[in-house]
Amino acid sequence: MQRTFSIIKPDAVQRNLQGQILADIQAAGLKIVAMKMIRMTRAQAEGFYAVHKERPFFASLTEYMSSAPVVCSVLEGENAIARYRELMGATNPANAAPGTLRQKYAENLEANAVHGSDAPETAAFEISYFFNAFEIVG
Ligand code: CDP
Ligand code: MG
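Draft legend 1. Region of interest: the nonpolar core. In this structure, F5, I7, M40, M65, C72, F130 and F131 are the most contacted members of the largest nonpolar core, which totals 21 residues. Among the secondary structure elements, those contributing two or more residues to this core are β1 (2-8), β2 (31-38), α3 (42-48), α4 (58-65), β3 (70-77) and α7 (120-130). The biggest single contributor to this core is α4, with four residues. Counting residues in hydrophobic clusters, the runner-up holds 19 residues, among them I8, L87, Y105 and V114.

Draft legend 2. Structural detail: the pairing of β3. Of all eight residues that make up β3, eight are buried, and the element is covered over most of its length. Here β3 shows no split at all, with V70, C72, V74 and E76 on one side and V71, S73, L75 and G77 on the other all buried. The pairing of β1 with β3 spans seven bridges and is classified as antiparallel. Within the sheet, the bridge partner assigned to S6 lies in β3 and is S73. Taken together, the seven bridges between β2 and β3 define a ladder with antiparallel strand orientation. Within β3, the residue paired with K36 across the bridge is C72.

Draft legend 3. Summary view of the side chain of K9. Mapped onto the fold, K9 is located in the loop between β1 and α1 (10-14). Of the buried charged residues, K9 lacks a salt bridge, with D11 as the closest side chain of opposite charge at 6.7 Å. Among all residues touching K9, those that are not within four sequence positions of it are Y49, Y64, M65, V70, R102, E110, N112, A113, V114 and H115.

Cut-offs used in this document
- Residues numbered from 1 in each chain as written.
- Chains lettered and ligands numbered in written order.
- Predicted model: local features only at pLDDT ≥ 70, side-chain atom pairs only at ≥ 80, totals over all residues.
- Heavy atoms only, no water.
- Core = buried A, V, L, I, M, F, W, Y, C linked by side-chain atoms within 4.5 Å.
- Buried < 20%, exposed > 50% of the residue type's maximum accessible area, 1.4 Å probe, protein only.
- Helix = DSSP H or I, 4+ residues; strand = E, 2+ residues; numbered from the N terminus.
- Pairing = 2+ DSSP bridges.
- Lys, Arg positive; Asp, Glu negative; His and termini not counted.
- Salt bridge = Lys/Arg side-chain N within 4 Å of Asp/Glu carboxyl O.
- Contact = heavy atoms within 4.5 Å.

So yeah, pure geometry; function would need other evidence.
Laid out in structure tokens, this is it:
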């Protein structure tokens, strides 16, 4: 069993797609073991994306991620990190495979509907950034 961290990003929440995206996640066999809707502060978004702080898109990305509410969740399942990355599709929705969340729901490269952890270390950091042990109830 493995856990990964998911965010339904502002563009998707603003278009009321969170229900459909969560249904797709569940249909893919990933179990939701924690969930909350929040609006990130700019500082919180900067801390979350700290690995990207030298990248040219960092300022725009953190402004966008703190611009409106998001839905954060912890997903559990066998090989959950890779399975959720596959369900999400490529970062740029123009390259995302048919049937993936980003192909179905993303607006553009930045506003690409969902986030998912990319490795066990990032999953552990990202889960603990938003949830404490009592909030994970799977
Ligand atoms: O989210 P993912 O792990 O697929 O991609 P990333 O390379 O970790 O980038 C994090 C996020 O930054 C992406 O999901 C996009 O929202 C944004 N991004 C961007 O705006 N422009 C880029 N050239 C690359 C990423
Ligand atoms: Mg990433």
